[in-house]
Amino acid sequence: MKIELTKNQALAVTGLAVFADNPRSSYTPVLTELELKVRDNTLTAVATDRFCVAQYVDEIVGDDVTLRLTSEMVKFLATALKTKGMPLNTTIELGEDNKVTATVAGRTYTDTPVTAKYPDVNSLIQNWIAATELTALSLNAEFLAKLQKLTANGEKATLWRFEHGGNAYNPAKPGPLKATALKVDGKLTALIQPNLLVA
C-alpha cells in the first residue's frame, strides 16, 4: 500500500518531527516516530513527545493505510526534499514485515518502525473542548519555537490562534492549550499540556 505526497505535503509531514520525542534521549522509542494515516482520502500525520502533540491534515487520493516514519527516514526525506528544481513527489510504501520504503527524487530509503503501538493522540485533538472560563497564561518559548518550524502549503505557519482548553474530568483545572495555524486552511493543529505552559 502506498501514499503519494506532493512536495509541500511531504515538507509539512517531515516538519512535524520537531514535536516527536528526541531519539537520543527517548525512553519510549515509538514516540520518536511520526504516524501517517489515510482514511477516506484524508491524510492525517501526527507527532508527539507525550507532552505536546502536532497534527497535519490534508486531502489525498489513495488507499486507506496506517504507517510510521522513523526519525532516520524523516531525516532522509527532509534532505532529499531540499533538491532544487522541479516539484518533487514522494512515495511512501508499506511492505512486508512492517517495512516502510520512501522514494523521492530517485532516492530510496527503507526502515522498519518499532513494533510498539502508537498512542491514539489524534483523539486528543478531535475530543478537545474549549474552556468555559478564560484565565491568563504564559507560554513556554520552546513551544512557540516549535510552532514556527511547521509548514503547510509550502509556507511557514506564522499566524496562530490560541484557545484555552477545558478539562472534562476536573473543570477546576485547565485543559490543553490548542494552537491552530491560520491562513493554511486549518491543516496544522498543536496541543500543549497545561503544566508546560509556564516557562
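Refer to the structure above for everything that follows.
On a predicted model such as this, the values are computed, not experimentally measured, just so you know.

Any pair of aromatic rings gets described here by the distance separating the centres and the angle formed by the planes. A full pass over the atoms with the stated rule returns 2 aromatic pairs. Between the aromatic rings of Phe-19 and Phe-143, the centroid separation amounts to 6.2 Å while the plane-to-plane angle is 85°, which identifies the pairing as edge-to-face. Here Phe-19, found in the loop between helix H1 (7–15) and strand S2 (34–39), pairs with Phe-143, found in helix H4 (residues 141–148); they are 124 residues apart in sequence, far enough to count as distant. The pair formed by Phe-19 and Phe-143 is uniform in burial state, with each residue classed as buried. The interplanar angle of 20° and the centroid separation of 5.4 Å between the aromatic rings of Phe-76 and Tyr-109 together place this pair among those described as stacked. With Phe-76 in helix H2 (residues 71–80) and Tyr-109 in strand S8 (residues 107–111), this residue pair connects regions lying 33 residues apart in the sequence. Among the residues examined, Phe-76 registers a relative accessible area of 15% and is labelled buried. Above the ring of Phe-19, the side-chain terminus of Lys-146 is found at 5.5 Å from the ring centroid.

Right, let's talk about the pairing of strand S3 (residues 42–48) for a bit. S3 sits mainly inside the fold: 6 of its 7 residues count as buried. Between the end of S2 and the start of S3, which pair antiparallel, lie 2 residues, with Asp-40 showing a positive phi angle near 50°. Note that S3 and strand S4 (residues 52–59) share 7 bridges and pair antiparallel. When the sheet's bridge partners are listed, Val-46 is paired in S4 with Gln-55. Between S3 and the antiparallel strand that follows it, S4, lie 3 residues; Arg-50 among them carries a positive phi value of about 80°.

Cut-off values and rules
Residues numbered from 1 in each chain as written. Predicted model: local features only at pLDDT ≥ 70, side-chain atom pairs only at ≥ 80, totals over all residues. Heavy atoms only, no water. Phe/Tyr/Trp six-rings, centres within 6.5 Å; stacked < 30°, edge-to-face > 60°. Helix = DSSP H or I, 4+ residues; strand = E, 2+ residues; numbered from the N terminus. Buried < 20%, exposed > 50% of the residue type's maximum accessible area, 1.4 Å probe, protein only. Lys NZ or Arg CZ within 6 Å of the ring centre and 35° of its normal. Pairing = 2+ DSSP bridges.

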